[in-house]
Amino acid sequence: IAHSSSTSDRSRWIALVVLCVGMLMIVLDATIVNVALPKIQTDLGFSQSSLAWVINAYLITFGGLLLLAGRLGDLLGRRDVFLSGLVLFTAASLACGLADSQTVLVAARFAQGVGGALTSAVILGMIVTMFPEPGEQAKAIGVYSFVASAGGSIGLLAGGAITQAINWHWIFIVNLPIAVVTGVLALRYLQRDQGMGFSKGADLPGAALIVGALMIGVYAIVEASDYGWASAHTLGFGAGAVALLIGFVLRESRAAQPLVPLRIFRSRNLTGANVVQALMVAGMYGMFFLGALYLQKVLGFDSLEVGIAFLPVTAIIGTLSLGFSAKLNMRFGAKATLVPGLVAVGAGLALFSQISVDGSYWSEVLPAMVLVGIGAGLSFPSVMTLAMTGVRPEEAGLASGLVNTTLQVGGALGLAVLATLSTNRTTDLVNSGEGSHAALTSGYQLAFVVGAGLLVGAIAVALAVIRSGPTSAEAVAAAEAEPAFSSEAA
């Protein structure tokens, strides 16, 4: 089939930009709040431990609902799920911006997480369906993974600038015009797709089990800094999360229309890529969060300077994932591109663990950031390509939801664990008479050592589980043998 005239081709790339702007807005909201937290704390009177809920309320619903949202996209049509999520996210952003109490802000952040999950869970599935040809798909996934991975540092910069120039309410209100434009363009450029229909089953009991397991698991970890890892509170909630997870696996093995057909995990690449991504982001998210705290609390940077300090990471990830990484994937295969990328991220985190109390940004922080940026720019597109190849077209929404779940949940859990370890180390040192800057630095060093350890695990899984993908010639042949896949996007 002559796949596209120049107009339909142009509209596909416009549709890609629309989807990526939607994704950027969602990703920004996970980090834009970080630099504004001290101001929010002062204005609304949060305690140090309750302040974490401004971030966690969003991450818990977001991470918890992604799988269900991806499945709903397959059943009801991805464009409709994307748009309904966008509407909810926009309304919740307005509520966050107008919030004048702790309760309203945290409740609105919960709602924002639900809207974010519905919007973002279907995006990768739509992209893979719109761009079936391997070369174009590699480019499109590169654009998407740049937004998904670099959006975090853009959020730090935007959050710092807006908070300093106006006030923290505007970090949420800024979403409104972006969301309206995205919605209008989505209605025009995103083709309405027919879902399989609700009769195919949304598996609501399965959804309730996995959402409950993820939410309770994240809650147990984020509260561990208050209660302690070995406390009855942490162990009790942790055991509850594990029990729900086991219940979910049993339910999926027996349900007529499961939320996640367990056979999907027979794909070594899908399973391996998701495990690798979870370990990688668990280590990397710590760099953004704890690196920003080190720059502010130890080196004395203000919130705008912190945002600027992280720009090199964004620039490097952007340069690599917007084209260069796609070319390497096509030339050498995704696995051969992924492993050196993971090594670079791990080396960057190991270098970060050498920061000192009177350190310099140029000699201690920037070289580590450059390594992490290079590694992330190579790794993210490769991981996403590996995770999305080898699944059937009608399961693209599910695979997309799964990739997003490991991205967000891996990030949330990793950040919670690293931040808790760091806080505990710092508290112990302060109690034994250490100075506050030295105690903070030591806490951050420990977190970065553990982060580097997580990357060693990711490298091991990549080498042991993931199979080398086809080279570009084989990939093209495989694509031509899949007419059902390409006609969906036509």
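Keep in mind that this is a model prediction, so the values were computed, not measured.

K.L.:
Lay out the confidence of the model for the chain in plain terms, naming residues and giving numbers.
P.N.:
Looking at the chain, the pLDDT average stands at 81 and 90% of residues meet or exceed 70. Contacts from residues 471-490, a stretch scored under 50 in pLDDT, to residues over four places away or in other chains number 21 contacts.

K.L.:
How would you summarise the nonpolar core if you had to cite specific residues and measurements?
P.N.:
Within the largest apolar cluster, 141 residues are counted, with the highest numbers of intra-cluster contacts made by Leu105, Tyr144, Val276, Met287, Phe310 and Leu342. Take this core: its biggest share by element is 15 residues, from helix H3 (residues 48-76). Setting aside chain neighbours within four positions, we find Tyr144 in contact with Cys20, Met23, Ile123, Leu124, Ile127, Met384 and Asn404.

K.L.:
Explain the pattern of salt bridges to me, and be specific about the residues and the numbers.
P.N.:
Inspection of every chain in the model, using the stated rule, returns one salt bridge. Residues Arg12 and Glu136 are paired through a salt bridge, measuring 3.1 Å at the closest nitrogen-oxygen approach. One end of the pair, Arg12, is in helix H1 (residues 6-31); the other, Glu136, is in helix H7 (residues 134-165), with 124 residues separating them in the sequence. Judged by relative accessible area, Glu136 falls into the buried class, the value being 18%.

K.L.:
A description of the packing of aromatic side chains should follow, citing residues and the corresponding values.
P.N.:
Per the stated rule, a full pass over the model turns up seven aromatic pairs. On the basis of an interplanar angle of 50° and a centroid distance of 4.6 Å, the ring pair of Trp13 and Phe131 is categorised as tilted. You can see Trp13 sitting in helix H1 and its partner Phe131 sitting in the loop between helix H6 (123-130) and H7, a full 118 residues away along the chain. Note on Trp13: relative accessible area 27%, which makes it partly exposed. In this structure Phe131 comes out as buried when scored by relative accessible area, which is 0%. When the ring of Tyr58 is compared with that of Phe62, the centres are 5.5 Å apart and the planes differ by 40°; the resulting orientation is tilted. Of this pair, Tyr58 and Phe62 both sit in helix H3, four residues apart, which is roughly one turn of the helix.

Definitions and cut-offs
Residues numbered from 1 in each chain as written. Predicted model: local features only at pLDDT ≥ 70, side-chain atom pairs only at ≥ 80, totals over all residues. Heavy atoms only, no water. pLDDT = per-residue confidence, 0-100. Contact = heavy atoms within 4.5 Å. Core = buried A, V, L, I, M, F, W, Y, C linked by side-chain atoms within 4.5 Å. Buried < 20%, exposed > 50% of the residue type's maximum accessible area, 1.4 Å probe, protein only. Helix = DSSP H or I, 4+ residues; strand = E, 2+ residues; numbered from the N terminus. Salt bridge = Lys/Arg side-chain N within 4 Å of Asp/Glu carboxyl O. Phe/Tyr/Trp six-rings, centres within 6.5 Å; stacked < 30°, edge-to-face > 60°.

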